[in-house]
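Spelled out, the chains give:
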Amino acid sequence: MTWIQSLLLGILQGLTEFLPVSSSGHLTILSHIFGLSGEENLTMTVVLHIATVLSTLLILWKEVVWIFKDIFSKQSWRSYNGLNDGTRYAINILISMIPVAIVGFCFKDKVEAIFGSGLLIVGIMLLITAALLTFSYFARPRQKEQISGWHAFIIGIGQAIAVLPGLSRSGTTIATGMLLGDKKEKLAQFSFLMVIPPVLGEALLDVKDIAEVGLSTAMSGISITALLVGFIAAFITGCLACKWMIHIVKKGKLIWFAIYCAIVGILAICFGL
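Residues numbered from 1 in each chain as written. Predicted model: local features only at pLDDT ≥ 70, side-chain atom pairs only at ≥ 80, totals over all residues. Heavy atoms only, no water.

## Here we look at the environment of His49
Right, on to step 1. Within the fold, His49 resides in helix 3 (residues 38–59).
Right, on to step 2. Classification of His49 as buried rests on a relative accessible area of 6%.
Right, on to step 3. Distance from His49 to Leu200, taken between C-alpha atoms, is 7.6 Å for residues 151 residues apart in sequence.
Right, on to step 4. Every residue in contact with His49, bar those within four places of it in the chain, is listed here: Gln13, Glu17, Val199 and Glu202. (Helix = DSSP H or I, 4+ residues; strand = E, 2+ residues; numbered from the N terminus. Buried < 20%, exposed > 50% of the residue type's maximum accessible area, 1.4 Å probe, protein only. Contact = heavy atoms within 4.5 Å.)

## Considering the layout of surface pockets
Right, on to step 1. In this structure, the second largest pocket spans a volume of roughly 280 Å³.
Right, on to step 2. Lining the second largest pocket are Leu57, Val64, Ile67, Phe68, Ile71, Ala90, Ile93, Leu94, Met97, Leu193, Ile196 and Pro197.
Right, on to step 3. Counting residues per element, the ones that place at least two in the lining of the second largest pocket are helix 4 (61–71), helix 5 (85–115) and helix 10 (196–213).
Right, on to step 4. Class assignment for the residues of the lining of the second largest pocket results in 12 nonpolar, no polar and no charged. (1 Å grid on protein atoms, 1.4 Å probe; cavity = no way out; pocket = protein on both sides within 12 Å on 5 of 7 lines; lining within 4 Å. Points joined across faces, edges and corners; volume = space filled by probe spheres on them. Nonpolar A, V, L, I, M, F, W, Y, C, P; charged D, E, K, R; others polar.)

## Considering the pattern of salt bridges
Right, on to step 1. For the structure shown, the criterion picks out 1 salt bridge.
Right, on to step 2. Notably, a salt bridge pairs Asp85 with Arg88, separated by 3.4 Å at the nearest N-O pair. Linking Asp85 with Arg88, this pair stays in helix 5, spanning 3 residues, or about one helical turn. (Salt bridge = Lys/Arg side-chain N within 4 Å of Asp/Glu carboxyl O.)

And the structure:
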């Protein structure tokens, strides 16, 4: 993998991790164009995921600090209804992780074996992403001030389904929350924070896979320079995309991403047949 390829992969990952267009789907398409091997993709995927997690923490650092302050305050742990806002928010994030944890630990290999990650399945999932974004755009949510534990669980189911390549994680979770009637201003922030633990967990599983094939094999087609270039590109573009996406969700302009996903999905299906 050349540094130019890693630069393009990093930029693509940073943008698509937050924009509702599926980072896994776009990385699959670009990797197919570049003709990259599975080991190269696996190593770069771990690095790019870590970069986007760090960009999320940087952009939403105030919210992260607020959550931890409330968790460790003297009056944080009572009944669920008596919890302070930050502690309840953290519990909702934990609740949202339940479905994806079950899928990730119990069914990840089966899902990959059944669906694979070819252009055809990516294209179909991108069309489903487009449909979800379209439904959420025309929905008239009640704009609830707080995301409830039950809604967090349902949004988590959306995140678990989004393990399929081409089905946008941010698009699915945000669209699910909007269809449930949750406030748009809260959804993007919650969607980006709830994804941090699963992404780190997925990165750890990928590290295990790298260890199984051997580090020298995983690094055989990629240099440290390429990894650094990809990391920096994903981090910078991730910061920009995270801030931009929060603004877009507040404005409710997701229909344009639905159109984009539909176009790319059709093209992927055509080339995947």
